[in-house]
Amino acid sequence: MDADKGEMAIQVRDLRVDYGNFIAVDDLRLEVPRGEVFGLVGPNGAGKTSTFRVLATLMEPTYGEVYLDGVDVLENVEEARRIVGYMPDLAPVPRDLRVREFLEFHAAAYGVSSSRSGRRERVAECLAEVALEDQAEAWCHRLSRGQTQRVVLAKTLLHRPRVMILDEPASGLDPLARRDLRNALRRLASAGTTVFVSSHILSELAEMCTSLCVMNRGRLLAAGTAEEVWQALGNGRRELKISFLKRAAEAVRWLGGRAGVEDIREADGGVTLGFSGTDDEQADLMEGLIREGFRMRAFEEKRSSFEEILVGVAESNRRDG
Amino acid sequence: MKQEMEKARKHSWWAVLSNPIFRRYARSRLRPRGLGVALLLSGLVAGFIFALARSVAMNRIGMEISDAERAPLVGLVVLQGVILFVLGTAQVAGGMTAERDEGVIDYQRLLPMSPLAKVLGFLFGLPVREWAMFGVTLPFSVWGLWRGEVETAVWVKLYGVMLSTALLYHLTGLVTGTVVKNRRWAFLVSIGLVFCLYTVIPQLAKFGLVGFQYFTITPVFREALPGLLPRDAGAAVETAQRLLPTVKFFDLDLPEAIFTAFSQAGLILTFVWMLCRRWRRSESHLLDKGWATGFFVWTQVLLLGNALPQVEPGNLFPSRGLTGLVGFARPQPPDANEAVAVIGVYGVFTVVMLWVFASMITPTAERQRAGWRRARKQGRKRLPVAGDAASGFGWVALMAVAGGVAWWIFARGVVESKWFPGQVVDGGVLAGFLLVTVALGLGYQALLEWRGARFVGLSMLLIGVVPLMAGAVLGTVRNSLTPVAAWVMGISPVLIPAYGAGALLDLSELPALLVRAVPAAFKFWTALALLGMLRVAWGLWRERSRIAAGEN
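Computed from a predicted structure; not experimentally measured.

Engineer: Explain the overall build of chain A to me, please; I cannot follow it from the model alone.
Structural biologist: Of regular secondary structure, chain A possesses 12 helices and 14 strands. If one aligns the C-alpha atoms of chain A with their principal axes, the spans along those axes are about 80 × 45 × 40 Å. Buried positions account for 43% of the 321 residues belonging to chain A.

Laid out in structure tokens, this is it:
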């Protein structure tokens with residue numbers, strides 16, 4: 001294990017997954033530091049689930065290297081399985097077991113404790129973590145969608161995995177449960193667990209993740225903090241609406257010659273424009289207007305939302321076929 | 001604490017009772033409500049068989065007590081067979097498919113247990129209720145064996161082989177459940193496969209391929225039968241059984257139970273190997289190329305070792321076996337055409353085996369492309385020869401040669417026996433047989449690798465089945481069309497080995513209408529098959545070169 005691998009909880013190098021002639025993941029490179037809640041977002045077919053399945057040892061990639069906590073996932077499958085906790089999308093549960101039995105089975109298989117009482121204790125802890133203590137004796141298949149998600153999350157927590165891979169864990173959860181999930185993931189991260197979580201709802205991930213990345217067509221489009229991803233994908237573009245006391249038409253002409261300004265429209269004594277640039281450049285623009293003597297009555301900034309960015313990505317996929 | 005965790009984390013494959021997967025199924029399948037009904041039913045049926053057979057033996061037939069105690073034994077063995085072999089196998093196949101159907105199989109895949117531990121967990125866990133039902137019937141058997149004074153050696157052999165046979169059948173169900181994706185299909189396919197492997201194929205014993213019956217409990221049950229029946233009936237059966245062949249493996253005289261265990265062990269190991277491969281990597285071929293080739297050779301050795309010793313006593317020939325069984329005074333010497341037919345059946349079986357093994361180790365074009373992408377990325381110029389992505393062509397060529405040689409050895413054993421003095425099977429026949437196995441085996445493999453399973457399936461239907469149907473209809477129209485029918489049926493690769501035996505062996509005494517048609521059709525269609533194989537192999541080579549170069 002080299003020093004580099006030691007610092008990173010997840011390392012993916014040149015990962016490629018093919019289904020016939022379709023490239024699901026295309027030479028993906030990714031690094032996730034320890035203790036992060038790292039989000040992976042992308043439209044349907046972006047390659048999220050394939051990436052997760054390779055990381056979780058459920059699928060052999062065409063090629064590439066994957067390390068979880070320094071362990072080569074492709075070479076040391078059993079070792080990797082001890083450190084990873086995986087929760088699939090639309091997490092299923094068996095029809096013939098009760099919630100407690102389901103969790104006790106996994107606790108035993110993961111060797112959570114050598115004693116039965118120890119395993120029961122851990123199962124109770126995990127059920128409490130997902131607020132399902134009262135459903136311990138319920139049949140797994142009788143649970144609601146949201147409860148099922150929480151049971152599988154509890155299963156994933158049982159063996160205290162060092163790396164957790166959660167594929168769309170929030171789907172099917174009500175707002176309260178989402179908040180609880182967010183808090184639980186943050187608690188885990190603060191205890192040193194690395195959480196890699198996917199969603200196709202970017203704003204949801206932005207709320208719960210310390211950093212995130214966006215995938216499309218098997219490739220990584222951007223990675224970093226939510227702000228950095230927004231800057232990279234939205235090109236820092238925002239819409240500005242400025243209301244002037246007078247000289248609006250003159251202001252339009254002045255603004256037309258400035259860098260980063262586009263799509264200027266004059267309406268109701270105000271001006272709406274698109275601006276691409278950094279916050280400093282935006283501040284310079286404002287200062288310029290004041291220096292030129294344009295008296296501003298009101299100012300409004302509207303950023304393109306994460307959802308709009310993703311919709312843009314998905315629409316460009318559709319256009320390109 | 002950490003040490004405790006590490007200790008607890010390791011699940012030894014042999015500790016079945018503490019295997020979490022076994023315990024998971026013990027929990028779900030041994031719930032009092034479902035189990036109670038199952039135990040009640042099996043107990044009732046076993047009790048009924050026990051009471052009825054004893055009562056009839058004692059009160060109606062007037063047997064002595066120790067004889068009457070034996071009366072229910074055969075019925076109980078049959079009931080136990082139904083519980084373990086039929087219900088157990090269906091449960092294993094259905095249960096395994098249900099795991100995938102429900103989507104929870106990925107959880108099992110992720111468990112940090114060795115593949116073997118997982119296989120054993122499922123193998124003993126899924127049919128745990130059927131084992132419990134079997135257990136309920138045991139007290140009745142134990143009573144009968146004890147009070148009926150059945151020799152220990154008899155019941156130890158019988159129940160030993162019953163257990164190994166149950167494991168073999170359950171493994172068959174497990175393999176089917178792992179491979180077949182649809183739940184209903186898995187159930188049907190597993191029952192079909194069990195029926196085919198352990199009921200239909202053993203019938204080939206009647207045509208010289210006696211080895212296959214040792215995959216079943218039948219030979220040991222037959223051997224144990226005199227000891228299980230009331231003494232008078234047992235003695236009669238024993239007398240009849242003296243006419244049956246004893247089991248031999250080349251020059252070795254082996255007890256039925258030992259040879260059955262030996263035969264089943266190869267199949268059990270192979271099934272376990274298949275399952276371990278699939279648990280390690282779900283995309284793996286069922287068998288790797290080396291194991292498949294080894295298993296093919298092992299099967300041929302098993303068949304030859306078991307069949308050749310039956311030639312001199314004449315037990316290999318269906319007519320002598322039949323006349324012996326029905327008690328004809330003097331069984332006739334085997335007919336020459338009977339010998340040719342037996343050799344033909346061996347050839348057909350060998351070719352079919354080649355196709356089955358070729359299907360198991362031949363990679364799809366997608367898999368090859370992925371393999372080459374990986375190889376290029378790793379800077380390699382070749383694919384690993386035994387890897388799943390590598391071509392199966394060379395391996396099938398090895399099997400084809402082994403099969404051709406085995407077929408020739410079998411033919412020599414039969415033809416150069418005391419039954420056909422002066423007859424010789426020369427090197428020319430070996431060349432002919434090799435031509436058949438190589439052309440048909442490699443042709444199939446190359447086509448499968450080049451054009452895919454769908455194309456091969458359709459081709460087999462059109463070339464393999466339709467000519468048989470057309471020829472059968474033509475042959476019934478009028479006698480003069482019989483040679484034409486022989487030509488048409490000869491198109492089918494399934495029949496070419498049988499034609500080969502008829503055409504190449506001097507022993508063959510074909511009817512007048514076929515005496516020219518069969519050899520001519522054999523030569524023509526085999527030559528065409530060979531040319532076809534070369535053409536397909538060329539196409540495959542070009543396609544593989546393109547894939548290797550990354551052109552598509």
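Having put the structure on the table, let's press on.
Engineer: Help me understand the packing of helix 18 (residues 393–415) of chain B against helix 19 (residues 427–451) of chain B in this model?
Structural biologist: How two helices pack is summed up by the angle between their axes together with the distance between the axes. All names here are of chain B. Remark: helix 18 packs on helix 19, axes separated minimally by 8 Å, with the N-to-C direction vectors making an angle of 150 degrees. Classified by the interaxial angle, the pair formed by helix 18 and helix 19 is roughly antiparallel. Of the two elements, helix 18 crosses helix 19, and the hand of that crossing is right-handed. Where helix 18 approaches helix 19, its residues Phe393, Val396, Ala397, Met399, Ala400, Val401, Gly403, Gly404, Trp407, Trp408 and Ala411 are matched on the opposing element by Val429, Leu430, Phe433, Leu434, Thr437, Val438, Gly441, Leu442, Gln445, Ala446 and Glu449. A per-class count over the contact of helix 18 with helix 19 returns 16 nonpolar, five polar and one charged.

Engineer: Teacher, can you tell me more about helix 5 (residues 116–129) of chain A here?
Structural biologist: Think of an α-helix as turning once every 3.6 residues; residues three or four places apart then point the same way. Residues and elements named next belong to chain A. In this model helix 5 runs 20 Å from its N-terminal to its C-terminal C-alpha over 14 residues, within 8% of the 20 Å that 1.5 Å per residue would give. When we look at burial in helix 5, the residues that qualify are Arg119, Arg122, Val123, Cys126 and Leu127. With its buried residues spanning 140 degrees around the axis, helix 5 presents them on a single face. Pointing more than 90 degrees away from the buried face of helix 5 are the exposed residues Ser117 and Ala128. Lining the buried residues of helix 5 we find helix 4 (99–109) and helix 6 (145–157).

Engineer: Which parts of the structure should I look at to understand the pairing of strand 8 (residues 194–199) of chain A?
Structural biologist: All names here are of chain A. Across the six residues of strand 8, six count as buried, placing the element largely inside the fold. Residues Thr194, Phe196 and Ser198 point to one face of strand 8 and Val195, Val197 and Ser199 to the other, with burial holding for every one of them. Of the pairings in the sheet, the one linking strand 7 (residues 163–167) to strand 8 comprises five bridges and is parallel in character. Across the sheet, residue Val163 finds its bridge partner in strand 8, namely Thr194. Between the parallel pair strand 7 and strand 8, the chain is carried across by helix 7 (residues 175–190), and the sense of this crossover is right-handed.

Engineer: For this particular structure, what's the right way to read the domain arrangement of chain B?
Structural biologist: How big an interface is tends to be expressed through the accessible area that disappears when the partners come together. Residues and elements named next belong to chain B. Taken domain by domain, chain B holds domain 1 (16–284) and domain 2 (285–552). If you average the C-alpha positions of domain 1 and of domain 2, the two centres end up 33 Å apart. With 20 residues of domain 1 at the contact, the number on the domain 2 side is 27 residues. Those elements that place two or more of their residues in the side of domain 1 that touches domain 2 are strand 1 (248–249) and helix 13 (256–280). Tallied by class, the residues present in the side of domain 1 that touches domain 2 amount to 11 nonpolar, six polar and three charged.

Engineer: Could you clarify how one ought to interpret the sheet that holds strand 4 (residues 63–68) of chain A in this entry?
Structural biologist: Paired through backbone hydrogen bonds, the strands of a sheet run either parallel or antiparallel to each other. Residues and elements named next belong to chain A. If you trace the four strands from one edge of the open sheet to the other, you get 2-1-4-5, paired in antiparallel fashion. The open sheet has two free edges, formed respectively by strand 2 (22–33) and strand 5 (71–72), since each of these has just one partner strand. Both strand 1 (residues 8–19) and strand 4 contribute to a ladder of five bridges, which runs antiparallel. Residue pairing in the sheet places Val12 in a bridge with Val66 of strand 4. On top of the sheet, helix 2 (residues 48–55) reaches strand 1, strand 2 and strand 4; it is set at about 120 degrees to strand 1, its chief contact.

Engineer: Just to check I follow, could you spell out the pairing of strand 9 (residues 211–216) of chain A for this structure?
Structural biologist: Side-chain direction in a regular strand flips from residue to residue, so the side chains alternate between the two faces of the sheet. Residue and element names in this part refer to chain A. The buried fraction of strand 9 amounts to five of the six residues, a majority that puts the element mostly inside the structure. Two strands pair when backbone bridges link them, and strand 3 (residues 37–41) and strand 9 are joined in this way by four bridges, in the parallel orientation. Bridged to Phe38 within strand 9 is Ser211. Sheet topology note: the strand 9/strand 10 (residues 219–224) ladder contains five bridges and is antiparallel. Within strand 10, the position partnered with Asn216 by the bridge is Arg219. As consecutive antiparallel partners, strand 9 and strand 10 are separated by two residues, and within that stretch Arg217 has a phi angle of approximately 50 degrees, a positive value.

Engineer: Please clarify how the environment of B:Leu228 should be interpreted in this entry.
Structural biologist: All names here are of chain B. Here Leu228 is to be found in helix 11 (residues 218–228). Here the alpha-carbon distance between Leu228 and Tyr499, two residues 271 residues apart in the chain, equals 45 Å. Once you skip the residues sitting within four places of it in the chain, Leu228 turns out to touch Arg70, Leu73, Val74, Val150 and Val154.

Engineer: Looking at this model, I keep getting lost on the domain arrangement of chain A. Mind explaining?
Structural biologist: With domains assigned, chain A is organised as domain 1 (3–233) and domain 2 (235–308). The C-alpha centroid of domain 2 of chain A is placed 43 Å from the C-alpha centroid of domain 1 of chain A.

Engineer: Would you explain the interface of chain A and chain B in this entry?
Structural biologist: Each partner contributes to the interface: chain A provides 28 residues, whereas chain B provides 26 residues. Looking at the side of chain A that touches chain B element by element, the count peaks at four residues for helix 4 of chain A.

Engineer: What am I meant to see in the sheet that holds strand 9 of chain A here?
Structural biologist: Residues and elements named next belong to chain A. In spatial order, the strands read 6-7-8-3-9-10; together these six strands make up an open sheet with mixed pairing. Whereas interior strands pair on both sides, the edge strands pair on one side only; in this sheet they are strand 6 (84–87) and strand 10. The sheet shows a mean angle of 15 degrees between the axes of neighbouring strands, direction not considered. Against the sheet, helix 2 touches strand 3, strand 7, strand 8 and strand 9, its axis set at about 150 degrees to strand 7. Against the sheet, helix 7 touches strand 3, strand 7 and strand 8, its axis set at about 150 degrees to strand 8.

Engineer: Quick question: what am I supposed to make of unusual backbone geometry here?
Structural biologist: Excluding glycine, residues mostly carry a negative phi; peptide bonds, for their part, are mostly trans. All names here are of chain A. Located in the positive-phi region is Arg217, a residue other than glycine, with phi close to 50 degrees. For Arg217, a count of 18 C-beta atoms within 10 Å gives the class partly exposed. Phi angles above zero are rare outside glycine, and Arg247 is one such case at about 60 degrees.

Criteria and cut-off values
Residues numbered from 1 in each chain as written. Chains lettered and ligands numbered in written order. Predicted model: local features only at pLDDT ≥ 70, side-chain atom pairs only at ≥ 80, totals over all residues. Helix = DSSP H or I, 4+ residues; strand = E, 2+ residues; numbered from the N terminus. Buried ≥ 20, exposed ≤ 12 C-beta atoms within 10 Å, placed from the backbone. Axes fitted to C-alpha atoms, helices over the stretch in contact; angles between N-to-C directions. Parallel < 35°, antiparallel > 145°, perpendicular 65-115°, else oblique. Left-handed = near helix turned anticlockwise from the far one by under 90°. Contact = placed C-beta atoms within 7 Å. Nonpolar A, V, L, I, M, F, W, Y, C, P; charged D, E, K, R; others polar. Expected span 1.5 Å × (residues − 1). Arc of directions from axis to C-beta. Pairing = 2+ DSSP bridges. Right-handed = clockwise from strand over helix to strand, strands pointing away. Domains from an automatic or database assignment.

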